[in-house]
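Below, each chain spelled out in residue letters.
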Amino acid sequence: MRIPTINKLELGVDTLLFSLYLAITPINQILKYGGGSLSKYICLLIMIFLLVGEYVINKSIHFRNNLIKAVLLVMGWFCLTVFWTYDFAETLTNLVTAANYFIFFILICSHHWTDTQKKIFVHVFIVACLIYSFILFGAMTVMTRASIRTEEFKADQNYLAMNVSMGALFATYYMIISKDRQSFFVYLCITAILLAGILSTGSRGGLGVFLISAIFLAAHLLDNKLYRKRIGIITVVFLICFVGMLFSGLVNERVTQRYIGKEFNLNERGEIAVKYIDIMASKPYSFFVGFGYGSERKAYGDYYNTSFLRATHNDTIRLIAGSGIIGFFLFVGLLYVVWDKAYIKRRDFLGAACFILVVLGTFDINIIERYIFWNGLIFAYIGIGANTLPIKRKKTTLSLEDGLEK
């Protein structure tokens, strides 16, 4: 899709709307209006603009064929689970939510974004996460685990940490590839602040996914001598942030214990998974077709005779419990389409690192129906780090594919 921009910097309405959406994504849980989050309404506005804008200009709408096929397979199967769902209303509600994410994902990935626009998105997100990190520092004095809240709502610490982790990943990347010392030190300071913001939330998962995705990114940049030195520097900065915050009294005892003390317990997630497996074992067909997309928590409540409908805290378990192994592997097929585009064909290491960050997050918390997950896939598919490194890339296959899809 090609929407005209309003100036030579390509700051069109599409850029402004998507930038605004990215800026408020980390705190979308506290920005409520009329029963929904502000991000939801902005997403709807973006989708309408892209659809109407493309049709008015080109008299047709072009989508990425590989995405359409993968999404239709997944969504089609999710819809089929309505016929055997454990709770019809719950499945219907979850299907509407999933459809919104899928449509938004397809439209954003089908739109043509220039390198200038991609850099704007990255830096808008970095600045937003920087602001939220400073707010988190202030919250450390009044909350056991730093979060951002209003009088009525509070943002979940794990989702906040996931978002700030992606901002830290962006800052780390641009710190490593910066062309001058001034930019290097600016990004270095930003990275340190964002790392401190992640630590203040007490989210072990948020910190873990950042470290693994950052290691993946660094491993692909080690062939450059200058990059190796900078990777060493950021490693030292991380250790200073980690040790300094946990042992200097900057954060409270609860947060310290979550990382290195008695609360550092990784068995809880496993126990939850076992409980859901027990539920499915009571009805063996559910391993193949699930209890109905999004209705697994209802099944949990009835099986254990409790009003506490415990979340799976693992999207693999959630997908299998809700849509069976069939639904899980169809979703994996969609993920492969994104990975193939980002890493295999485009060799976009930053985009691939974003993909790894959010996919790893699915093993610790439920994020498939959160904006951060789809942002990671979008960044990977559109090539958020493409054309930023002076290295040879595999372009032949990509250009042929793009030519067929546009």
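Residues numbered from 1 in each chain as written. Predicted model: local features only at pLDDT ≥ 70, side-chain atom pairs only at ≥ 80, totals over all residues. Heavy atoms only, no water.

All chains considered together, the criterion is met by four salt bridges. For Glu369, the salt bridge goes to Arg318, with nearest N and O atoms at 3.7 Å. A residue pair is termed long-range when its members are at least 10 positions apart, and Glu369 in the loop between helix H15 (349–361) and helix H16 (371–382) and Arg318 in helix H14 (residues 315–345) qualify at 51 residues. The residues Glu369 and Arg318 share a single accessibility class, namely buried. For the salt bridge of Asp340 with Lys345, the shortest nitrogen-to-oxygen distance reads 3.0 Å. Asp340 gets classed as buried once you look at its relative accessible area, which sits at 14%. A relative accessible area of 18% means that Lys345 is categorised as buried. (Salt bridge = Lys/Arg side-chain N within 4 Å of Asp/Glu carboxyl O. Helix = DSSP H or I, 4+ residues; strand = E, 2+ residues; numbered from the N terminus. Buried < 20%, exposed > 50% of the residue type's maximum accessible area, 1.4 Å probe, protein only.)

Before going further, it helps to examine the confidence of the model for the chain. The predicted model of the chain averages 88 in pLDDT, with 90% of residues at 70 or higher. In the model of the chain, helix H17 (residues 396–405) stands out as the element of lowest mean pLDDT, 43, in contrast to H15, which has the highest, 97. Long-range and interchain partners of residues 1–9, a stretch whose pLDDT sits below 50, account for 29 contacts in this model, where long-range means more than four residues apart. Below pLDDT 50 for its whole length, residues 392–406 participates in 29 contacts with residues either more than four positions away or in separate chains. (pLDDT = per-residue confidence, 0-100. Contact = heavy atoms within 4.5 Å.)

With that out of the way, let us pick up a nonpolar patch on the surface. Together, Leu44, Ile48, Leu51 and Val52 give the surface a local cluster of nonpolar side chains, amounting to about 320 Å² of exposed area. Mapped onto the elements of the fold, Leu51 is located in helix H2 (residues 38–58). (Patch = residues over 30% accessible without salt bridge, like charges linked within 9 Å, V, L, I, M, F, W, Y side chains within 5 Å. Areas by Shrake-Rupley, 256 points an atom, 1.4 Å probe, with all protein chains shown as cover.)

Right, let's get into the nonpolar core. Core analysis: the largest hydrophobic core is formed by 139 residues, its most contacted members being Phe18, Phe102, Phe105, Phe170, Phe331, Leu334 and Trp374. Excluding its chain neighbours within four sequence positions, the residues that come into contact with Phe18 are Ile46, Phe104, Ile108, Trp113, Phe121 and Ile378. (Core = buried A, V, L, I, M, F, W, Y, C linked by side-chain atoms within 4.5 Å.)

Bringing empty space enclosed by the protein into the picture now. The full count for this structure, using the stated rule, is three cavities of 30 Å³ or more. Within this model, the largest cavity holds a volume of roughly 60 Å³. The wall of the largest cavity is formed by Thr25, Pro26, Asn28, Gln29, Tyr159, Asn163, Arg370, Tyr371 and Ile372. Contributing elements (two or more residues each) for the lining of the largest cavity: helix H6 (157–177) and H16. In the lining of the largest cavity, the residues fall into four nonpolar, four polar and one charged. Roughly 40 Å³ of internal volume is contained in the second largest cavity. (1 Å grid on protein atoms, 1.4 Å probe; cavity = no way out; pocket = protein on both sides within 12 Å on 5 of 7 lines; lining within 4 Å. Points joined across faces, edges and corners; volume = space filled by probe spheres on them. Nonpolar A, V, L, I, M, F, W, Y, C, P; charged D, E, K, R; others polar.)

Contact geometry for helix H3 (residues 65–80) and helix H4 (residues 88–110): axes closest at 11 Å, N-to-C directions at 180°. Between H3 and H4, the angle falls in the class roughly antiparallel. The residues of H4 that touch H3, namely those facing Leu67, Ile68, Val71, Val74, Met75, Phe78 and Cys79, are Leu95, Ala98, Ala99, Phe102, Phe105, Ile106 and Cys109. Here the residues of the contact of H3 with H4 are counted per class, giving 14 nonpolar, no polar and no charged. (Axes fitted to C-alpha atoms, helices over the stretch in contact; angles between N-to-C directions. Parallel < 35°, antiparallel > 145°, perpendicular 65-115°, else oblique.)

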